[in-house]
Amino acid sequence: MASTSSTFSPADKPHVAVHALKLAYGENVILRDLTFDIRRNEVFVIMGGSGCGKSTLLRHLIGLQQPASGEIFFDGAIFSSADASERTALLRRFGVMYQSGALWTSLTLAENVALPLREYTPLPDKDIAMLARYKLALVGLSGYEDYYPSEISGGMVKRASLARAMALDPEVLFLDEPGAGLDPVTSRLLDDLILQLRDSLGATVVIVTHELASIFAVADRALFLDATTRTIGALGEPNELRDHSENPRVRSFLNRKASL
Amino acid sequence: MSGFSHSISGAVSSANEAVAEWVSTEARPCILRIAGVWNIRGTSGIPRVESLLRKIADGKDARIIFDCSGLARHDSSLAAFLLEFHHCCVARGAVVDFATLPPLIARLLALALVRSDGRSGSESEERARPEGSFFQRMGGWGISSVNSWTKAFDFLGQTVIAVWNLVRGRARTRLSECWLFIQACGVDALPIVSLISFLTGLILAYIGAVQMKQFGATQYVAGMVGLAMVREMGALMAGVILCGRTATAYAAQLGSMQVSEEISAFRVLGIPPMEYLVLPRIIALVCMMPLLTLYADLCGIFGGLVVVTSMDVTLEQYYTMTLRAINMTNFLSGLIKSVFFAMLIGWAGCFRGMVCGKSSQAVGDAATSAAVLGITLLVIADAVFAVLFDAINFF
């Protein structure tokens, strides 16, 4: 499975590399000794039980929080300790879909998608509107350009948020709990959409989730964060981990067993 | 930047711009040549769909295929262009053959078209914002203002019912909540109330002194400041401050609770938000407002004192002149007013918060209109009291 992920890669250099990362809020260490690579064009899932620090790790990966120690490399360039201008340049190559959508409520869907384009591309308004329409069409929201986020359903908010995350053709898409709060069918459709977009856009996708169905459906590789040891529990292909992981907590998580 | 070379974006070379041009419009099928670098970060822009289509004005039943041999790099700008192109061609009755595109783009376009749920892009144009003619707008304005009055009276009724339930001892409210609000609207407001009312007294004293000096009656300024503060300015200034501080805070708190559905959660639990959320806030204001008014009176009188004692009036004179000017009735009239002001301010804040819409913008609007409504009601009520007290000879 993972071997297919290198088709777009010019080299086998990892797209995102995390080295000896330690995450802490003050004295309170959330996660430590995190070292892993995210390969180009793969769907990489960060999973784990509630409170294991999944979302905290994501917040560090997208630069909202500074690690206590350790480094994050993005495409070979150091990201975690880059200066402000380098950081902004790197951040522009990311797209983030937040857990609750985080659409700007005072803007319509088209305006939400258009805002990053307006800020970071030299395109005239007409082209921006055209691109916004296209991005919304990709997530199945054409015809809803002039709706406000408060006027559409939760699943549509998620999809609109995905469209906004894709606005600048990001190289890496970070998705925080894409299936949370969606019915199984919608969640499944969103998973399919993510895979289709990954294949056709050539982007690397990093997903934070604890939904098993979604993990098995989309993940090329999955990283299990262990709430007990506060570090990586396992890393590998989900089916492999479920059946053969040496860590019993990983197996019970993926088999949905309430042991331990 | 770093050694970054990725197919979907990258450095722009100005020589390569996005190209979309007709190879032939006469022959069937029409061939559209797509070439160059398509980049959303490029400065050359994206070719215009309209100008291309103008060239096949007789495009009925035309079949359009693509020649992509000269295509270098591309990102979503190409797919967006082609989607737009497709919509326009379909509207003109032309057929676009995506099979002649590179498979990657064809797949993206198929995705965009399949997921359109049968709604076309042009449909959204019909969902225009309400504008229309002058009369339509006037009508819309009329309807919405009637609606907001209805809402206001509805809320007033609910408040009265909630208060009645409280009086009967049947209200589901936690009066312990009041202490927090009492601190927020009372104690925490002391510094700003001190400053504003001290300066009000000071200003009044200066205005009075200018006139009184001409008669050599500067000591009468004491009485004037005292009377003005106690009857009018103390309650009014405290009221204005609480409008700005507390009414807006109430509106923002309740408004954001409305946005995050916290108020619905109360409602579903069978806890009336009017009793649980609104009453403690209004009660806290009603408790603290008279005290703040009293405090504002004293600060104002002190402000007058500072001015007048610098103009050959002794402390003792100021004291006796103030006592001679004001009596218990004056004090009472100020305090009675302050209680009503408190109700109005609390009500305005809570009302605006409870009818808040569901966006962050709406919370801001709620806070703004709470302050505006509060101050308006305050001044109107003050005028009504002035007439009323005169009618019943209450001074």
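The rules behind the values
- Residues numbered from 1 in each chain as written.
- Chains lettered and ligands numbered in written order.
- Predicted model: local features only at pLDDT ≥ 70, side-chain atom pairs only at ≥ 80, totals over all residues.
- Heavy atoms only, no water.
- 1 Å grid on protein atoms, 1.4 Å probe; cavity = no way out; pocket = protein on both sides within 12 Å on 5 of 7 lines; lining within 4 Å.
- Points joined across faces, edges and corners; volume = space filled by probe spheres on them.
- Nonpolar A, V, L, I, M, F, W, Y, C, P; charged D, E, K, R; others polar.
- Helix = DSSP H or I, 4+ residues; strand = E, 2+ residues; numbered from the N terminus.
- Buried < 20%, exposed > 50% of the residue type's maximum accessible area, 1.4 Å probe, protein only.
- Pairing = 2+ DSSP bridges.
- Axes fitted to C-alpha atoms, helices over the stretch in contact; angles between N-to-C directions.
- Contact = heavy atoms within 4.5 Å.
- Buried area = accessible area lost by both parts, 1.4 Å probe.
- Salt bridge = Lys/Arg side-chain N within 4 Å of Asp/Glu carboxyl O.
- Disulfide = S-S within 2.5 Å.
- Parallel < 35°, antiparallel > 145°, perpendicular 65-115°, else oblique.

Engineer: Got a minute to help me understand empty space enclosed by the protein in this structure?
Structural biologist: To find the voids left in a structure, one rolls a probe of water-molecule size over its atoms. Going through the model one piece at a time under the given rule, you end up with three cavities of 30 Å³ or more. Reported here for the largest cavity is a volume of approximately 110 Å³. The residue inventory of the lining of the largest cavity, partitioned by class, reads eight nonpolar, three polar and two charged. Within this model, the second largest cavity holds a volume of roughly 60 Å³.

Engineer: It is not clear to me how the environment of F44(A) should be interpreted in this structure. Could you clarify?
Structural biologist: All names here are of chain A. Residue position: F44 is located in strand β3 (residues 43-47). A relative accessible area of 0% means that F44 is categorised as buried. Separated by 174 residues in sequence, F44 and V218 have C-alpha atoms that sit 8.6 Å apart.

Engineer: How should I be thinking about the sheet that holds strand β6 (residues 94-97) of chain A in this particular structure?
Structural biologist: The strands that make up a sheet pair up through hydrogen bonds in the backbone, lying either parallel or antiparallel. Residues and elements named next belong to chain A. Pairing within the open sheet is mixed, and its six strands lie in the order β6-β7-β8-β3-β9-β10. Two strands lie at the open edges of the sheet, namely β6 and β10 (231-236), each paired on one side alone. Neighbour-to-neighbour, the strand axes of the sheet open up by a mean angle of 15°, direction not taken into account.

Engineer: Looking at this structure, how should I read the interface of chain A and chain B?
Structural biologist: Accessible area lost on assembly of the parts is the figure often given for the size of an interface. With 49 residues of chain A at the interface, the matching set in chain B holds 39 residues. Buried area between chain A and chain B, both sides added, is near 4,000 Å², and the carbon and sulfur share of it is 55%. One can count two salt bridges joining chain A with chain B. A salt bridge links D127(A) to R48(B); the nearest nitrogen and oxygen atoms lie 2.5 Å apart.

Engineer: Please explain the state of the cysteines as it appears in this structure.
Structural biologist: The term disulfide refers to a covalent linkage connecting the sulfur atoms of a pair of cysteines. All names here are of chain B. As enumerated under the stated definition, the model contains zero disulfides over all chains in all. Unpaired in this structure, C88 has its nearest cysteine sulfur neighbour in C89, at a distance of 7.0 Å. Residue classification places C88 among the partly exposed residues on the basis of a relative accessible area of 24%.

Engineer: So what exactly am I meant to see when it comes to the sheet that holds strand β3 (residues 63-67) of chain B here?
Structural biologist: All names here are of chain B. As summarised here, the arrangement of the four strands in space is β1-β2-β3-β4, forming an open sheet in which the pairing is mixed. Pairing within the sheet leaves two strands with one partner each, and these edge strands are β1 (19-24) and β4 (95-96). In the sheet, strand β2 (residues 30-35) pairs with β3 via four bridges, with the strands oriented parallel. Its bridge partner being in β3, L32 is matched across the sheet by F66. Where helix α2 (residues 76-92) meets the sheet, it contacts β1, β2, β3 and β4, and its direction lies at approximately 165° from that of β3.

Engineer: In this structure, what is going on with the layout of surface pockets? I would like to understand it.
Structural biologist: In this structure, the largest pocket spans a volume of roughly 650 Å³. Around the largest pocket, the lining comprises 23 residues; the ones closest to its centre are A152(B), L156(B), L344(B), W347(B) and L377(B). For the lining of the largest pocket, the secondary-structure elements that each account for two or more residues are α4 (134-168), α9 (273-308), α11 (328-354) and α12 (360-391) of chain B. What the second largest pocket holds in volume is close to 500 Å³. As for the second largest pocket, its lining consists of 21 residues, of which L91(A), F94(A), V96(A), Y98(A) and P116(A) are closest to the centre. Listing elements by their share of the lining of the second largest pocket, those giving two or more residues are α2 (84-91), β6, α3 (109-120) and α5 (154-165) of chain A. For the lining of the second largest pocket, the leading source of residues is α3(A), giving four residues.

Engineer: What is the right way to look at the side chain of Q258(B) in this model?
Structural biologist: Residues and elements named next belong to chain B. On the secondary structure map, Q258 appears in helix α7 (residues 220-259). On the basis of relative accessible area, Q258 is assigned to the buried category, the value being 9%. With sequence-adjacent residues up to four places away left out, Q258 is seen in contact with I263, G353, M354, C356 and K358.

Engineer: Which parts of the structure should I look at to understand the packing of α4(B) against α9(B)?
Structural biologist: In helix packing, the relevant descriptors are the interaxial angle and the interaxial distance, both defined with respect to the helix axes. Residues and elements named next belong to chain B. At a closest axis distance of 10 Å, the pairing of α4 and α9 adopts a crossing angle of 85°. Our classification of the angle between α4 and α9 gives roughly perpendicular. Each of F155, Q158, T159, A162, V163, N165 and L166 in α4 lies in contact with α9, whose residues at this interface are M274, E275, V278, L279, I282 and I283.

Engineer: Just to check I follow, could you spell out unusual backbone geometry for this structure?
Structural biologist: In most cases, non-glycine residues show a negative phi, while peptide bonds are predominantly trans. Residues and elements named next belong to chain A. For A20, which is not glycine, the phi dihedral falls at a positive 50°. For A20, the location among the structural elements is in strand β1 (residues 16-25). Taking the relative accessible area as the measure of exposure, A20 reaches 34% and is therefore partly exposed. We note that N41 has phi near 65°; this positive angle belongs to a residue other than glycine. Locating N41 in the fold gives a position in the loop between β2 (28-38) and β3. Judged by relative accessible area, N41 falls into the buried class, the value being 4%.

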